[in-house]
Structure formats: C-alpha cells, structure tokens
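One-letter residues, chain by chain:
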Amino acid sequence: MTDTEGRVPDISWAQLQTVLLALADTPMKRMMVQHLVEGTRKQATFLSPECTFREILHIGAALLDSGFQPVESDMNTSAASCSSSPLRQ
C-alpha cells in the first residue's frame, strides 16, 4: 500500500516531459519542452526537491499562459541569454 497522503507520486523525467508536452498548445512551446525539462533535470542535482518542483511548476505555468507565444527567433538567442558569465564592458 502506498502513502498517498504524505508524498507526491514518483515520476520519471520522460513521464514529466510527456505531461508537459500535452500542455503545450503550439509547435514552439512543444519544441521548448525538451530543452526546459533537460535543463531542469541537470539543475535538480544542485536544488532541493522543493526548488526542483517549483521549477517544474514554472514550466507548466509558462506553457499554459496564452499570452506567452514564443517565436523561433527566441529559441535562437536563448543560449546567449542563459550565459552565467557577466557581460564585458
């Protein structure tokens, strides 16, 4: 018997990606899901379970936001904007 009142059910990263893909209502959002899940999976090693779950909820919220309509050019510039090094002046 499982403790359904005390814990969230285990889910694999692949299962999470499937769930999030179902929330994505545009081709661009579907394309983003794989990158967002992969990034979150990599960060999870350094985050608490609560912070990891928060990141997952943020992905879901963005996918459900009808005002968030990314375009292909957003995907092409995302690598530069995610750089952790400071900008040189």
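Refer to the structure presented above.
Residues numbered from 1 in each chain as written. Predicted model: local features only at pLDDT ≥ 70, side-chain atom pairs only at ≥ 80, totals over all residues. Heavy atoms only, no water.

Q: Help me understand the side chain of T40, please; the structure alone is not making it clear to me.
A: Position of T40 among the secondary structure elements: in helix α2 (residues 27-44). Residue classification places T40 among the buried positions, given a relative accessible area of 5%. Discounting chain neighbours no more than four positions away, the residues touching T40 are W13, T52, E55, I56 and I59. (Helix = DSSP H or I, 4+ residues; strand = E, 2+ residues; numbered from the N terminus. Buried < 20%, exposed > 50% of the residue type's maximum accessible area, 1.4 Å probe, protein only. Contact = heavy atoms within 4.5 Å.)

Q: What is the right way to look at helix α3 (residues 49-64) in this model?
A: Owing to its 3.6 residues per turn, the α-helix aligns residues three or four sequence positions apart on the same side. Here α3 is 16 residues long and its end C-alpha atoms lie 23 Å apart, about the 22 Å a rise of 1.5 Å per residue gives. Residues T52, I56, I59, G60 and L63 constitute the buried set of α3. Within α3, the buried residues cover an arc of 95° as seen down the axis, which keeps them to one side. Exposed positions of α3 whose direction lies more than 90 degrees from the buried face are E50 and L64. On its buried face, α3 is in contact with α1 (13-23) and α2. (Expected span 1.5 Å × (residues − 1). Arc of directions from axis to C-beta.)

Q: Please clarify how the nonpolar core should be interpreted in this entry.
A: In summary, soluble globular proteins display a tendency toward joint burial of nonpolar side chains. Within the largest apolar cluster, eight residues are counted, these being L16, L20, A24, V33, V37, I56, I59 and L63. Taken together, the elements giving at least two residues each to this core come down to α1, α2 and α3. Considering each element in turn, this core owes the most residues, three residues, to α3. Discounting residues that sit within four places of it in the chain, V37 has contacts with W13, Q17, L20 and I59. (Core = buried A, V, L, I, M, F, W, Y, C linked by side-chain atoms within 4.5 Å.)

Q: Would you take a moment to explain the pattern of salt bridges for this structure?
A: As a working rule, side chains carrying opposite charge can pair if their charged atoms are close by. A complete count under the given rule lists three salt bridges for this structure. Notably, a salt bridge pairs R41 with E38, separated by 2.5 Å at the nearest N-O pair. On the criterion of helical spacing, the pair formed by R41 and E38 is a turn pair, its members being three residues apart in helix α2. Taking the relative accessible area as the measure of exposure, R41 reaches 35% and is therefore partly exposed. (Salt bridge = Lys/Arg side-chain N within 4 Å of Asp/Glu carboxyl O.)

Read these as geometric descriptors, not functional statements.
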